[in-house]
Amino acid sequence: MSIADIQKVSILGKESIHCGLHLVPYIVDTVLQTLPSSTYVLVTDTNVASLHLAAFQTAFEEHKLSAQARFLSYVIPPGETSKSREGKAEIEDFLLLNTCTRDTVMLALGGGVIGDLVGFVAATFMRGVRFVQIPTTLLAMVDSSVGGKTAIDTPHGKNLIGAFWQPEYIFIDAAFLETLPAREFSNGMAEVVKTAAIWNEDEFSALESRSAEIFAAIQTPSKDFSGRTKSTRSPAQQLLLSVIAGSISVKAHIVTIDERETGLRNLVNFGHTIGHAIEAVLTPTILHGECVSVGMLLEAEVARQLGVLSQVAVGRLTRCLKAYNLPVSLSDARIASLPAAKGLGVQKLLDIMKIDKKNSGPHKKIVILSRIGATYEQKATVVADSVIAKTLSEAVKVIPGTPTKSPVRMATPGSKSISNRALLLAALGKGTCRLKNLLHSDDTQVMMNALVELKGASFSWEDNGETLVVQGGEGSLSVPPNGKEVYLGNAGTAARFLTTVCTLVQSSATGERTVITGNARMKQRPIGPLVDALRANGSDINYVESQGCLPLSVAPAGLKGSTIQLAASVSSQYVSSILLCAPYAQDPVTLELTGGQVISQPYIDMTIAMMKTFGINVERQADKATGKLLDVYHIPRAVYTNPSSYNIESDASSATYPLAIAAITGTTCTIANIGSASLQGDARFAKEVLEPMGCEVVQTETETTVTGPPLGKLKALGYVDMEPMTDAFLTASVLAAVATGTPLQGRELTDGSRPTTTRILGIANQRVKECNRIRAMIDQLAKFGVETKELDDGLEVYGKPIQELKAGASIHCYDDHRVAMAFSVLSTVVKDTVLEEKRCVEKTWPNWWDDLVNKIGIDVEGVELPVSHSVASASGPATEDTAASIIIIGMRGSGKTYIGQLSASVLGWQFLDADAVFEEKHQTGVREFVNKHGWPAFRAAETEVLQELITKHPKGYVISLGGGIVETPGARDLLKAFAKHGPVVHVVRDMDEVVEYLGEETLRPAYGEPIMDVFQRREPWFAECCSYVFVNRTGSVRSAVNGHADTQLVVEASPSQNSIRDEVDRFFHHITGQRPNLAPTKTGDRRTYFLSLTYPDIAPALAHIEELTTGVDAIELRVDMLRSQKDFERPGSWIPSVAYVTDQIAALRQKTSLPIVFTTRTISQGGQFPPHAEAEAFELFHAAARMGVEYIDVEISWSEKRIQELVARKGHSVIIASWHDWSGNMLWDGKEVEAKYQIASKFGDIVKIVGKANGFEDNLALHRFAKRMQSSTNGKPLIGINMGVEGQLSRILNPTLSPVSHPLLPSKAAPGQLSFAEIQTALHLIGQSPAQRFYIFGNPIAHSMSPTLHNTAFQILGLPHKYELFETQSVGEEIKAALVSPDFGGASVTIPFKLDVIPLLDSLSPEAEAIGAVNTIVPRKKSNGSPLLYGDNTDWIGILECIRSALPNTAQTPDAALIIGAGGTSRAAIYALRQLGVKAIYLYNRTRQSAEVLVNAFPDAGVVIIDELGTWPEGGRPPTVIISTVPASATSTSPNVENTLYLPSSIFASQYPGVVVDMAYKPAETPLLGLAADVAQKWNRVRGVEVLLEQGFKQFYLWTGRRCPKRAVSERVWNAYARAA
Ligand SMILES: NC(=O)c1ccc[n+]([C@@H]2O[C@H](COP(=O)([O-])OP(=O)(O)OC[C@H]3O[C@@H](n4cnc5c(N)ncnc54)[C@H](O)[C@@H]3O)[C@@H](O)[C@H]2O)c1
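Calculation rules
Residues numbered from 1 in each chain as written. Predicted model: local features only at pLDDT ≥ 70, side-chain atom pairs only at ≥ 80, totals over all residues. Heavy atoms only, no water. Helix = DSSP H or I, 4+ residues; strand = E, 2+ residues; numbered from the N terminus. Rg over C-alpha atoms; globule rule 2.2 N^0.38 Å. Buried < 20%, exposed > 50% of the residue type's maximum accessible area, 1.4 Å probe, protein only. Contact = heavy atoms within 4.5 Å. Areas by Shrake-Rupley, 256 points an atom, 1.4 Å probe, with all protein chains shown as cover. Lys, Arg positive; Asp, Glu negative; His and termini not counted. Charge placed at Lys NZ, Arg CZ, Asp CG, Glu CD. Pairing = 2+ DSSP bridges. UniProt positions renumbered as here; feature names shortened; annotations may be inferred. Core = buried A, V, L, I, M, F, W, Y, C linked by side-chain atoms within 4.5 Å. Phe/Tyr/Trp six-rings, centres within 6.5 Å; stacked < 30°, edge-to-face > 60°. Lys NZ or Arg CZ within 6 Å of the ring centre and 35° of its normal. Near = heavy atom within 4 Å. Polar contact = N/O pair within 3.5 Å; in protein donor to acceptor, adjacent residues only side chain to side chain. Salt bridge = Lys/Arg side-chain N within 4 Å of Asp/Glu carboxyl O. Axes fitted to C-alpha atoms, helices over the stretch in contact; angles between N-to-C directions. Arc of directions from axis to C-beta. Left-handed = near helix turned anticlockwise from the far one by under 90°. Nonpolar A, V, L, I, M, F, W, Y, C, P; charged D, E, K, R; others polar.

Each helix and strand counted, the protein chain has 53 helices and 66 strands in total. Its C-alpha atoms give the protein chain a radius of gyration of 40 Å, within 12% of the compact-globule value 36 Å for 1621 residues. Relative to its full complement of 1621 residues, the protein chain shows a buried share of 58%. Put simply, 75% of the contacts in the protein chain that link residues at least 6 apart link residues at least 24 apart. For the protein chain, the exposed area adds up to about 63800 Å²; of that, 51% sits on carbon and sulfur atoms. Charged side chains of the protein chain number 151 positive and 168 negative; the gap between the two group centres comes to 2 Å.

For the rest of this paragraph, the subject is unusual backbone geometry. Trans is the prevailing form of peptide bonds, just as negative phi is the prevailing case for residues other than glycine. The omega angle of the peptide bond from N1339 to P1340 is -5 degrees, so this bond is cis rather than trans. Secondary-structure assignment places P1340 in the loop between β53 (1333–1338) and α45 (1346–1357). Note that the residue after K1562, namely P1563, is joined by a cis bond; omega there is -15 degrees. In this structure, P1563 sits in the loop between β65 (1555–1558) and α51 (1567–1575). Phi at M126 is positive, roughly 50 degrees, even though this residue is not glycine. With respect to the helices and strands, M126 occurs in the loop between α4 (112–124) and β6 (130–135). In this structure M126 comes out as partly exposed when scored by relative accessible area, which is 34%. Despite not being glycine, D224 shows a phi value in the positive range, around 50 degrees. Note on placement: D224 falls in the loop between α8 (211–219) and α9 (235–257).

So, about the sheet that holds strand β21 (residues 541–543). Pairing within the open sheet is mixed, and its 4 strands lie in the order β19-β20-β22-β21. Each edge of the open sheet carries a strand with a single partner, namely β19 (486–487) and β21. Direction of pairing for β19 relative to strand β20 (residues 514–517): parallel, over a ladder of 2 bridges. Of the residues in β20, the one forming a bridge with Y487 is T517.

Moving on: the UniProt feature "domain: 3-dehydroquinate synthase N-terminal" (unreviewed entry) in the protein chain. In this structure's numbering, the residues bearing the UniProt feature "domain: 3-dehydroquinate synthase N-terminal" (unreviewed entry) are residues 74–186. The span residues 74–186 is 34% helix and 30% strand, and its two end C-alpha atoms sit 28 Å from each other.

Turning next to the nonpolar core. Core analysis: the biggest nonpolar cluster contains 127 residues, and I887, I889, L975, L1093, F1158 and I1249 have the highest contact counts within it. In terms of residues, this core owes the most to one element, helix α52 (residues 1584–1600), which gives 7 residues. If sequence neighbours within four positions are ignored, I1249 has contacts with W1219, M1226, W1228, V1233, K1236, Y1237, F1265, L1278, I1279, G1280 and I1281. L32, A174, C291 and A313 belong to the second largest nonpolar core, which has 114 residues in total.

Okay, the packing of aromatic side chains next. All told, the structure shown has 39 aromatic pairs when counted by the stated rule. Look at F1030 and F1067: their rings are 5.0 Å apart centre to centre, the planes differ by 70 degrees, and that puts the pair in the edge-to-face class. Of this pair, F1030 sits in strand β42 (residues 1028–1031) while F1067 sits in helix α35 (residues 1057–1072), and the two are 37 residues apart along the sequence. A relative accessible area of 1% means that F1067 is categorised as buried. Counting every residue linked through ring pairs, the aromatic cluster contains F1334, F1354, Y1363, F1596 and W1599. In this arrangement the basic side chain of R228 is found over the ring face of F225, its NZ or CZ atom lying 4.4 Å from the centre. Lying over the aromatic face of Y1430, R1420 brings its terminal NZ or CZ to 3.9 Å of the ring centre.

Looking now at the site of the ligand. Taken together, 26 residues are adjacent to the ligand, and D45, G112, T136, T137 and T179 come closest. Taking N47, its side chain carries an N or O atom lying 2.9 Å from an oxygen atom of the ligand. At a separation of 3.0 Å, a nitrogen atom of the ligand approaches a polar backbone atom of F176. Coverage of the ligand by the protein amounts to 88% of the 870 Å² it exposes when considered alone. Here the element with the most residues in the shell around the ligand is helix α2 (residues 46–62); it accounts for 4 residues.

This part is about the UniProt feature "binding site: Zn(2+)" (unreviewed entry) in the protein chain. Under the UniProt annotation, "binding site: Zn(2+)" (unreviewed entry) lies at E191, H272 and H288. Annotated residues spanning 98 residues; largest pairwise C-alpha distance 10.3 Å, indicating a single compact cluster. Mapped onto the secondary structure, H272 falls in helix α10 (residues 272–282). Residue H272 is classed as buried on the basis of its relative accessible area of 5%. Every residue in contact with H272, bar those within four places of it in the chain, is listed here: E191, K194, H288, V292 and E299. There is a polar contact of 3.0 Å between the side chain of H272 and the backbone oxygen of F270.

With that settled, the discussion passes to the pattern of salt bridges. Going through the model one piece at a time under the given rule, you end up with 66 salt bridges. The partner of E948 in a salt bridge is K921, with the nearest N and O atoms 2.8 Å apart. Of the two residues, E948 sits in helix α31 (residues 935–952) while K921 sits in helix α29 (residues 914–922), which places them 27 residues apart along the sequence. Take E948: its relative accessible area is 33%, and that puts it in the partly exposed class. Notably, a salt bridge pairs D1193 with R1161, separated by 2.9 Å at the nearest N-O pair.

Another aspect to go through is the pairing of strand β9 (residues 169–173). When you tally the buried positions in β9, you get 5 out of 5 residues, the bulk of the element. Across the two faces of β9 the burial is the same, with Y169, F171 and D173 and I170 and I172 all buried. Pairing of strand β2 (residues 14–20) with β9 involves 4 bridges; the strand directions are parallel. Note on β9: the bridge partner recorded for G20 is D173.

Pairing in this open sheet of 5 strands is parallel, and the strands run β39-β40-β38-β41-β42 from one edge to the other. Because the sheet does not close on itself, it has two edges, and the strands there are β39 (910–913) and β42. Adjacent strand axes in the sheet meet at a mean angle of 25 degrees when their direction is disregarded. Taken together, the 3 bridges between strand β38 (residues 886–889) and strand β40 (residues 957–960) define a ladder with parallel strand orientation.

Alignment of strand β55 (residues 1384–1389) against strand β57 (residues 1416–1421), held across 2 bridges, turns out to be antiparallel. In the sheet register, A1387 faces β57, and the bridge partner there is I1417. The turn linking β57 back onto strand β58 (residues 1427–1432) is made up of 5 residues, and G1425 within it adopts a positive phi angle of 95 degrees.

Attention shifts here to helix α46 (residues 1373–1380). All buried positions along α46 are accounted for by I1375, A1378 and L1379. Projected down its long axis, α46 carries its buried residues within an arc of 100 degrees, all on one side. When the buried face of α46 is taken as reference, the exposed residues oriented beyond 90 degrees from it are E1373 and V1380. Check the buried side of α46 and you find it contacts β53, β54 (1362–1367), β55, β57 and β58.

Our focus in this paragraph is the packing of helix α19 (residues 528–536) against helix α20 (residues 572–581). Where α19 contacts α20, the axes come no closer than 9 Å and their chain directions differ by 35 degrees. Remark: the crossing between α19 and α20 carries right-handed chirality. For the pair α19 and α20, contact is made by P529, L530, A533 and L534 and by Y574, S577 and I578, respectively. Counted by class, the contact of α19 with α20 contains 6 nonpolar, 1 polar and no charged residues.

Structure (C-alpha cells):
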C-alpha cells in the first residue's frame, strides 16, 4: 500500500470517506485491493482528463493488472449538458460495447456533474454496480459526492431523474483543487460556509478569520507531492484539509441520521430555498454556490425579520461569504449586469419556490438560522410568503400608525469609532470585559483575528452574539509562530491601531519578527508618519515592500516610550494608535504632536476619555502662562483595568430616527446608550432640535428619552444652526415639514418669513455627502407637497399640517442611508409612502426596517417597484431640433458676447444681446434703469425680456443674457424649461481673469458687493440652469476702444486664437447636432482609432499632441489616471475633482479638435478608479456630458438606473458601454460574453468588450464573435479587444475605435497595445490594406514638393502607399489609364491641367464646381460598388487657412482684399476670401479682359477690377489682405523694369496691419514679400509653400481619411525646399 496520511470520515456506519493530498497511488491501491473486479472504468470530463487522467493510467499500469482485469477510461465533454439522458446513454453504450459486467467498478473522477452522472449510471447499469467517487471540485468534495444522491437533468428541470446510490469510497484529494479555477473554488466554499453556519460555530470562526490562508493553500502549487504525508504538509494545506474534512463530517453525520432527507437532512438546504429559485433564473451564468450564497444571506435576513437572528450574525455571514469572493446580494454587479437578472422579480421567485421539494403543501419552508452554528428548528421552518416577499423586494412601504411598542426602549447600532477603541482597550486590559452593542465591522473582525494571532487576548460571544466577551491579555503579546503574517485585509483603522500594538510584542527567543500585511489596496494606503514616529522612538520597523505602506516587519522589542513626536496633521488615528498603546511603553510617554493643525481633535478627545474609563488618565499639557491647551500629552505607565462590562455608545446620528419617530407620532422613546456625556455631536439633536420643537426631553449622562407632543403639534424651529450635528439635518427637515406650531419665543424669524418656517443653516457640507443631501431633501419633500427653499448654507422648510401632505409619495433615496431613514420617519404619519431603495440603510443600520417593526412597532411591507424596461432612446440625441436657438449665460465678463458672436458666426445664425434688446425696448440704458427704478424692477423687466426673446426667436439665434438673470427664480424656471429643447450654454472663465476684466468696466451697474460673493452665489444657479458648459480660455478679451469694427470686440493676438474659433466651431456644431464631432463608426466606414493618453496631468503632452495623435480619430482621456500636482503622490485608487478634469479637457481642446473619449476605468476593470465610488463616477460623467465631451465610456457594471439617467441627458455625445474581463476566463464563443454584449448594446451607442487572450485562437474567436454580433439585428459597433501580447492580432483586426499607443507616451494604457503606424503596417502585411499609387499630374513638375509632402505622411502613418510625379504634355491616354488602374489611390492636379481633367471625372465637389477648377482627384465607390472619380479643390482651403492663422484678429472680418493676377489660382483666392466674409475684393490684372471673366464667374462676390495698384475705388478702404497669384519673376518693386509688374509701396496703405500672401514658390523672398518686409513690418507674410502645405494636408485627408501629421511633414518639406533653393 502506498504511503499517504489519510483522515477517514465515517458515513452510514462505514469509514468510506478518505481525505488527504496527492492520493492517486493510494486510491488505485485501495480500489484494487478492496474492490476486486474484472473491469475498472474511470469516467471523467475533458478538462479533468487533461490534468489528472494520466496519473491514474500510470498508477493502474504500475500494478500490472492480472490477465482477467482491465482498466478502461471514458472522457466526456465538461459541463451540465453532459448530465442528461443522452449523456447517460453514451456511457452505458460504452460499457455495453466493452462487455462490462455486473462486477464492474466505476470511478467517477471530476466535479459534481461527473459524480451525479456516473453515480446514476452505476445505480442502474446491470441493476447497479459498485462505484467510487473521486471528486475534483470543492463543491463535489464537500457536497455532491457525499450522501449518495445521483441524478441527471431533463428539459423539465435539474436532477429530476435519479437515485440514492452510495459509493463504495469517496476519496477526497485536496491537491486536485490546485488546478481548479478560483471561481469554482469559491463556488464550493459557499457550501463549506453553509455547513459551518448551520452546525459549527468554531468551524465558522476559522473560516471567517482565515480566508486568506485558505485561498493561499490552493494558489501555491505543491511540489514533489508535498502534503501527502503529515511531515511534508504545510500549515496552509493542513488548514484546507481540516476545513474540507470538517465540512464533510457534518454532512456525513446528517446523512447518516437521515439518509433519505425526511427531516434533519433538510438543514443542509440552508440558503437553498431562495438560492434555488435564483439559480433557476440565472443558470448557467451564475454558479450554484454563488446563487446559494445570495440565498443564504436572504434567508438569514428572513430569520432576522422574524426576530430570530441578530444583525451581528447576519453581518458575520455577509463578511465571511464576501471573503471568499461570493456575491451576497442580487445587486452584486456580477448578477445585476446580466440580462437574465431582469427575471428576478419577487413574484417570479416566489412562483419558482412553490415547486420546492421541501414545501409542505402550499407552505414554503426555509432553514432558519438562530445564531451562527445553530438553527431555529432541527428542520426547515414554514415561512409566510409575505415575509419572504418583504426580504426579496427592493422597496418598502411604511404603514403609518402609532408605534405599538411605545414607550420604546432600544439601543441603536454602536458607534464605529467607539467600537474600535473599546475592543482594543479591553484586549489590552486586565480582566474580563463584556462589550455590549459592539458594531461588528471589518475593522473589529480583523482586529480580533490579529489579537488572537498575537496571543494578546481571547474572545467569545454571549447572548446569541450580542455580547463579545473579551479576556484581556494585559498587553502581553507574542510573535505569531512559524513566520505567519498577520493579515488585515483592507481594514484601515485596524492597520493604524495595530501598527503600534505590534511594537508592544516582547522579545522572542527565535529572533522572529511580527509582519502585518493587507490586500493590494491596503498596501497602497499610507502609514508613513506613524512608522516614522515609532522608529524615531527606537522601534525597529521595516517596510517589506513599498516605502510608507504595509506590509511592515516589526522587531519584538517593546515600545521604548518617553518622548514621542508625531506629525498629526494627516490622521488622528495615528495619534489614537500611540495613545492607546502608550501605557505599555517601557518609560512613561510624552506625546508631542507636530506639523501644525491637528486634524479631528474630537476623535483624540474620544480616545482619551475612553482610556480614562479603562483606568488611565492622560494629561494634556497647558501653556503655563496662558492656560491654552497644547498638543502635548502625558501618559503614565500602567495597565488598563477592564470594567466588567462596557456599553458601547450608540451611533448618535442613527439615534435621531427613533427619537424623531417618537416626536412625530406623539409617543415615547428611550435610547439606552446615548446621553449628555456623549462625545458625538449628533447627541445634541434631542436637546437642541426636538425640545424646541415641543418634545419633552429627559437626558441623563447615558440615556436620552423623548416624548413627542400630540400628533400634529410640533413647533417650527425658526432659525437653527446645525453645524455641530450636520448629519442630523435630514431628520430635522422631515420633522419641520409637519411642524405647524409657531416657534418658541426668541426663535422666530423676524424678516417676514412664514411663521411655520424652519431655517436650517451650517450644513453646506451636506451637498457633498453620499448625494447632494440639501437638493435631495428639497426634491423629495416636494413629492409630499412640502415647500422648501435652498440657501447657500442650508435650506428653509415650510411646515404644513400632516393631513395636507400628499399621500403615495415614492421616495428616491439616492442610495443614501440617511435619506432613507429620514423619510421613513415622515412615512409613519403619511399614507402609502414608498422608500425605493431599502437596502441603502445597510451602510449604518442594516436591520433598520426590522427594528422599525420589532422594536418600535411600526409595520413595514415589501413593495415591488414597476420595472423600467426600455432605456430612453439609447442612441437618439436629447434634442431633435438642430436649429433650436442657443442661450448663453454666465458671469459678467466671462466672454458671453465674444463666444456668442463667434458661435453665431460659425453656425451662420443671428446673434442677440439681451442687454441691447432691453435698452431698445425701454429706451434707456441698463444702468439708468436700475438707478431710476431699482433692482427688483430691473430684474422683473429683464425676465420679461427673456420670455419675449424665447418666444420670438425659438430657432436660429444665439442669445446672450445678462449675468444677473439667474438671480430671479422666474428667470431660472424659464431657462430650465428652455433647456429641455434648446441648449443653454454656461460660459465659464477663470475668475481672476474676470476680475481683471471687470476692473475696467463702467458701462454696467456696479455690484455693490464683492464680486467673489456674487460669483459664489450665482455659480450654483448657473449650474442648475445650464445644459452645457463652455470653458472660455481666450486670454484677455478687451473692448475695442477705437476699433474700426466699432461694435465688435477685439481679441489680443494670442497664439491660440485659431484654436478658439475651431473650438467654438466644434463645440456648437456638436451640441446642436448640426455636425457632431464624431469619428465614422458605422459598418463599412474606414477603420477608426483613438489614442489612450496615460498622463496624470496632460500638460506635458500638449506640446506634442499633433505628433501623438498622428492618424487617430479621437483621444481617450483616462480620467481615473488624472491627478493634479498636489495629488501626484497619492498611491492607488483616486477620484480626481470635477474642476481638475474640466480644466484638463479645456486645455486639451485648445490643442486639438479631435473628439475626446472620456474614460473612468475602475480597479476591477483594469483602471484606478475606486469601484464603489459610483456617485462620484457619475458626477464626472455628467460633467463630461455638459462639456459636450464626444464619447463617454461607461462600464456596464455600474447601476442600470444611473446609466439610464446619463443616457437620457447625453445629447449628441456617444455612450461607449464597456465590459472588461481580465481573468482570461471569458470565452468569446461562450454565453457570458454575448450576454454582456446585449446589456452593453442596450445602453451604449458603441459596445466595448475587452477580454484576455490566452492563445492566438482567442483572437479568431473574437473575430467570429464580432462578425456574428454585427449581423445580428440591432447590432451596435463593437470595440472588441483581447488584452496581452497574445491578443495583439485583435487590436489589428478591430475596425472600430481601436485604442492605440504612441512611442512618445510614458506608458501603454494596456498590455499588448500597438501604435497606429504599427497597426497599419500589420494590416498591410496580412493583406487588409493593399498599397496604392498616388500621382501629381502637371507640367513642369520636376521640382514639386508634393511627393515629399505625401510620401513623408504615408511613411509616418505606416501606410504602404507611394506618391509619384506623372508629367505629361496633355491630359491624355496615360492619365486615363492611371485613373482606372485598380491600385489608383488619388491624384493632385496642377498647372496646366486643373480645368482639363474635369471631363474625365464623374462628379465634383460644390467647391470645385464653384471655383471651376480641380486640384484633387479622389477615387470613390458608387452605392452599387462601381468606381467613381470625384474632383475637389483644396487650393482655396490652403489660402483660407493661411490667411486665418496670419490675420491679427480672428473675430474681425477684413473689409477689403486685393488679388493680383486673374489665372486659375485667383479663382480659388476669390472663393477663399468670400468664405472669410471679406466685403470688397479688388482684382488687378495686366489684361482687364481676363479679369472680367473672373468677375463674371463670381457675380455675387463683390469683385471690383482696379486699373492701378495702390489706387482704390471711391470710398473703398485700403486692403488688409493681399494675395499675389502671378509668378514672382513677373513682378518688381522698381517702376522701370521691363516686362514686369510694378508693385508700389502704397498697396500697404491701410492703417491696420494685414496679411500678404504670395502664391509663387520661388524665390523664397519674392519682390512682394520683400516689399512688405521693408514698408509694412506689422503685416504678416505668407509664402507659397505654406499654402501648398495647407492644401496638401486637406488633400491627404480626402484620400486617406486621416489627418496629415502636419508638423513633421512641414519640416521635411521646408528642408527639401531649402535644399532645392
Ligand atoms: N448530488 C448532490 O448531492 C449534489 C449536490 C450539489 C450539486 N450537485 C450537482 O453538481 C453539479 C455541479 O458540480 P461542480 O460545481 O463540481 O461542476 P462541474 O462538475 O461542472 O465542474 C466545474 C468545472 O470545473 C472543471 N474541473 C473539475 N475539477 C477540476 C480540477 N481539479 N481542475 C480544473 N478543472 C476542474 C470541470 O471540468 C468543469 O468545467 C451540478 O450538476 C449539481 O446539480 C449535486
